[in-house]
Amino acid sequence: MLIAIVLILSFVGKASLGIILSQNLNYWGTGSGYSFYYEMAQNLISGGGLYLYGGHHLFIPANFYALHPPLYPLFVAALCKLTHSSASSFIIVQALVSTLTVWIVYKITSRIAGPRAGLLAAVLYAFYPYAFFHDTQLQETNLYNLFSLASVWSLIVSIDKKKTLFFFLTGL
């Protein structure tokens, strides 16, 4: 099945590129420009809340709360706790999230326009150069793309199967 090859190549390529690049920069530090997610996660792990301590270049208050929606910082904190802040492990999980998103793109497009269009959409999404690099970085859009597309897929399934549970899941 061609989609399986696309998914494998997407995962291996993104994970490999992310790990190689992380060896040459401080992944959790200023390498991505989103290090505040790591700082928020570390504050949470150490018993504090989801906030940044004063002194961060963007903020004046001593503790700045509710800077971003909490889902991604919670995701980062959970992975850091489970993997002892392993950048390579985090990159692999991000690559898995991205690969799952590619599969959902395939499913949505196949349902709407047929399997050939689904495969083309999956290839375009999987190997779009910006996303190929971006999806393994410390940035929230990878996770939010997955949930947004999963919501669309849930809506399609709920309409097809006329199941209330899928309509409910669509709204989550």
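Note: the structure precedes this text.
Remember, predicted model here, so these are calculated numbers, not experimental data.

Digging into unusual backbone geometry
Even without being glycine, H84 reaches a positive phi, approximately 55°. Turning to its location among the elements, H84 is positioned in the loop between α3 (71-83) and α4 (87-113). We classify H84 as exposed; its relative accessible area is 73%.

Some thoughts on the pattern of salt bridges
Scanning the model with the defined rule gives two salt bridges in all. Notably, a salt bridge pairs D135 with K14, separated by 3.6 Å at the nearest N-O pair. Taken together, the positions of D135 in the loop between α6 (129-134) and α7 (141-161) and K14 in helix α1 (residues 2-22) put the pair 121 residues apart, joining distant regions of the chain. Neither D135 nor K14 differs from the other in exposure class; each is buried. We note a salt bridge from D160 to R111, for which the minimum N-O separation is 2.6 Å. Of this pair, D160 sits in helix α7 while R111 sits in helix α4, and the two are 49 residues apart along the sequence.

Brief notes about the packing of aromatic side chains
Using the criterion set out here, one finds five aromatic pairs in the structure. Look at Y72 and F75: their rings are 5.8 Å apart centre to centre, the planes differ by 35°, and that puts the pair in the tilted class. Placement of both Y72 and F75 in helix α3 is noted, with a separation of three residues, approximately one turn of the helix. In terms of burial, Y72 and F75 fall into one category: buried. Within the aromatic cluster, the residues linked to one another by ring pairs are Y27, Y37, Y72, F75 and F90.

Quick word on the nonpolar core
Counting residues in each nonpolar core, the largest one holds 23 residues, and the members touching the most others are Y27, W28, Y72, F75, V76, F90 and L138. Not counting residues within four places of it along the chain, the set of residues in contact with V76 comprises W28, Y37, Y38, A41, F90 and L138. Formed by seven residues, the second largest nonpolar core is a distinct cluster that contains V6, L7, Y106 and A126.

Things to note about α7
Compared with an ideal rise of 1.5 Å per residue, which puts 21 residues at 30 Å, α7 spans 30 Å between its outermost C-alpha atoms and is within 8% of the ideal. Within α7 the residues assigned to the buried category are N142, L143, L146, S154, I156, V157 and S158. Backbone geometry just after α7 places K162 at a positive phi near 55°.

Quick word on the environment of I91
Its place among the elements puts I91 in helix α4. Along the chain, I91 and Y27 lie 64 residues apart, while their C-alpha atoms are 9.6 Å from each other. Residues contacting I91, with those up to four places away along its chain left out, are A15, G18, I19, S22, Y27 and T136.

With respect to the side chain of S22
By the secondary structure assignment, S22 is in helix α1. Of note is the side chain of S22, whose polar atom sits 2.8 Å from the backbone oxygen of I19. A distance of 3.5 Å separates the side chain of S22 from the side chain of Q23, its partner in a polar contact. When neighbours within four sequence positions are excluded, S22 is seen to be in contact with Y27 and I91.

Conventions adopted
- Residues numbered from 1 in each chain as written.
- Predicted model: local features only at pLDDT ≥ 70, side-chain atom pairs only at ≥ 80, totals over all residues.
- Heavy atoms only, no water.
- Helix = DSSP H or I, 4+ residues; strand = E, 2+ residues; numbered from the N terminus.
- Buried < 20%, exposed > 50% of the residue type's maximum accessible area, 1.4 Å probe, protein only.
- Salt bridge = Lys/Arg side-chain N within 4 Å of Asp/Glu carboxyl O.
- Phe/Tyr/Trp six-rings, centres within 6.5 Å; stacked < 30°, edge-to-face > 60°.
- Core = buried A, V, L, I, M, F, W, Y, C linked by side-chain atoms within 4.5 Å.
- Contact = heavy atoms within 4.5 Å.
- Expected span 1.5 Å × (residues − 1).
- Polar contact = N/O pair within 3.5 Å; in protein donor to acceptor, adjacent residues only side chain to side chain.

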